[in-house]
Amino acid sequence: MVGFVGSCGSWGVGGRTGKRIEKCGRVGCGVGGSRLAGVRMVDTQSFERTAKLQTRDFDYVIVGAGAAGCVLANRLSEDGKKSVLLLEAGKADDKLYIHIPLGFPYLCGSDVDWRYSSEPEDKLDGRRLYFPRGKVLGGSHAISVMLYHRGSARDYEVWEDDFGADGWGPKDVLPYFKKTEDQERGPSTFHGVGGPLRVSDLRFVNPMATSFLKACKKMGLKENKDFNDWSVDQEGFGTFQVTQRDGSRETPSTSYLRAALGRRNVTVETGVTVEKVELEESELGGDSPYVATGVTVINKNGYREQIRARHEVILAGGAFASPQLLMLSGIGPAEDLQSLGIPVKVELDGVGQNLQDHASALISYSSKDPMNDKKKNRVFYSEATGKSLRNLAQYFVLGGGPLTSNMCEAGGFFRTDPEYESPDLQLRFVPFYSEPDPYFSMGDFASAGMYIFSATKSPAEEHVRQPE
């Protein structure tokens, strides 16, 4: 049996080979169609020495150590009886910048980011879009801005009422949200305490963010003190809550997975590339003639091995990696699979299609006194913020100050049309110091590897380029 966790998005399927595979530094995402994944084939005698593949057995094999994978590894191993293997292509989450909230710009484009990019977008003047995705224990939560948002209650009502997703209504999912949560503000109708995931108020609110909130109030906009309180409409402005514990980033790895690592029936392996899900003919009947029995992987030493699952193979790679792996396994649109020489096991047209993501647009404002503003590292966040002895001491000694900021501390949800049943636009206020070209400055902030920049001072008119 194969389980699917997370949304199914578009992805370009990769090539297949009997030789050793080494990952390139860049992977291309073929949104809306099939593209070859970024892999480099290396001639080697490795597999000639190991004609018989090494095989191991577990009860559950989980692919992907992001939010879903970490939660499942914890929950499926609770009874201590079933063996659980969690596979992650990335590395352990021991990078310092992962745990310091304001350090997240250094993570984008780094070795813990898949750095996906779209094909040239016709409606964006041919530009490619950058898709940051976590390549590390904790997944994309380990490189995100830590905002804690469940969405509007109306979102879940639409799923249930309009699309027939029984069991996904607000009343159905709320108990699970509360179970995961360790809410700093205490228990309430819509919040829980004692769960693995710490949800906190900001420990530092930038003076500019405070001014932004005052401006919203002066304009007569509604204030919202809790964007996850489903008893009221989500529309309004305010400060966001974040997934942090004592001023440090909280991820599914630091919460759910860490709690399970002491169990003898849990195995976590990093640096593992899963090539495909192994399918065998099923004797159970049903819609599919096949059943998932395990996975074939390239381990961290570059050798291929097979891992069998006695109970389930669970794909938890997210919106990009899960459909990619399904297609590599022969599950997906027949035409796409056949064009790449992949035998079709199950023809399923929706796989690798219909990706939906929340596009963002950056609107920048000029400073009246840029030279002096640049010096105010506790007001306008820049690389200097992390080099200030005052800020460093406040963070490492007291667990507070600007380094606990997620940058977008304040914002809100609004309707672009008053007739809409729920908000369709999110605003985030970011007090980030930028040179005239904000794309260049964001890359300059992450000086360890400029992750997004423009060739000119007019990024809206030219391609946004990725680093080599």
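What this report covers is the structure whose coordinates are included nearby. (Residues numbered from 1 in each chain as written. Predicted model: local features only at pLDDT ≥ 70, side-chain atom pairs only at ≥ 80, totals over all residues. Heavy atoms only, no water.)

Of regular secondary structure, the chain possesses 11 helices and 22 strands. Expressed as a percentage of the 468 residues in the chain, the buried residues total 48%. (Helix = DSSP H or I, 4+ residues; strand = E, 2+ residues; numbered from the N terminus. Buried < 20%, exposed > 50% of the residue type's maximum accessible area, 1.4 Å probe, protein only.)

Ranked by size, the top nonpolar core spans 25 residues in total, and within it Leu-87, Val-277, Val-295 and Ile-307 carry the most contacts. Ignoring anything within four residues of it in the chain, the contact list for Val-295 reads Val-61, Val-63, Leu-87, Val-274, Lys-276, Val-277, Glu-278, Glu-305, Gln-306, Ile-307 and Val-313. Counting 24 residues, the second largest nonpolar core, distinct from the first, contains Ile-98, Phe-240, Val-242 and Phe-413. (Core = buried A, V, L, I, M, F, W, Y, C linked by side-chain atoms within 4.5 Å. Contact = heavy atoms within 4.5 Å.)

Our focus in this paragraph is a nonpolar patch on the surface. On the surface, Leu-96, Phe-396, Val-397 and Leu-398 cluster together into a nonpolar patch covering about 470 Å² of accessible area. With three residues, the single largest contributor to the nonpolar patch is helix α10 (residues 389-398). Counting through the fold element by element, Leu-96 comes out in helix α2 (residues 96-99). Its relative accessible area of 52% is what places Leu-96 among the exposed residues. (Patch = residues over 30% accessible without salt bridge, like charges linked within 9 Å, V, L, I, M, F, W, Y side chains within 5 Å. Areas by Shrake-Rupley, 256 points an atom, 1.4 Å probe, with all protein chains shown as cover. Salt bridge = Lys/Arg side-chain N within 4 Å of Asp/Glu carboxyl O.)

One non-glycine residue, Arg-115, adopts positive backbone phi at about 55°. Turning to its location among the elements, Arg-115 is positioned in the loop between α2 and β6 (116-117). At Met-146, a residue that is not glycine, the phi angle is positive and equals roughly 70°. Tracing the sequence through the fold places Met-146 in the loop between β7 (130-131) and α3 (153-163). Look at Met-146 and you get buried, because its relative accessible area is 1%.

For the rest of this paragraph, the subject is α3. Within α3, the full set of buried residues consists of Ala-153, Tyr-156 and Glu-160. All buried residues of α3 fall inside an arc of 75° around its axis, so they share one side. In α3, the exposed residues that point more than 90 degrees away from the buried face are Asp-162 and Phe-163. Looking at the packing, one finds that the buried side of α3 touches α4 (170-180). (Arc of directions from axis to C-beta.)

Next up on the list: the packing of α3 against α4. At a minimum axis distance of 9 Å, the contact between α3 and α4 shows a crossing angle of 125°. As the angle between them shows, α3 and α4 are arranged oblique. In contact with Ala-153, Tyr-156, Glu-157 and Glu-160 of α3, α4 contributes Pro-170, Lys-171, Asp-172, Val-173 and Phe-177. A breakdown of the residues in the contact of α3 with α4 according to their chemical character gives five nonpolar, no polar and four charged. (Axes fitted to C-alpha atoms, helices over the stretch in contact; angles between N-to-C directions. Parallel < 35°, antiparallel > 145°, perpendicular 65-115°, else oblique. Nonpolar A, V, L, I, M, F, W, Y, C, P; charged D, E, K, R; others polar.)

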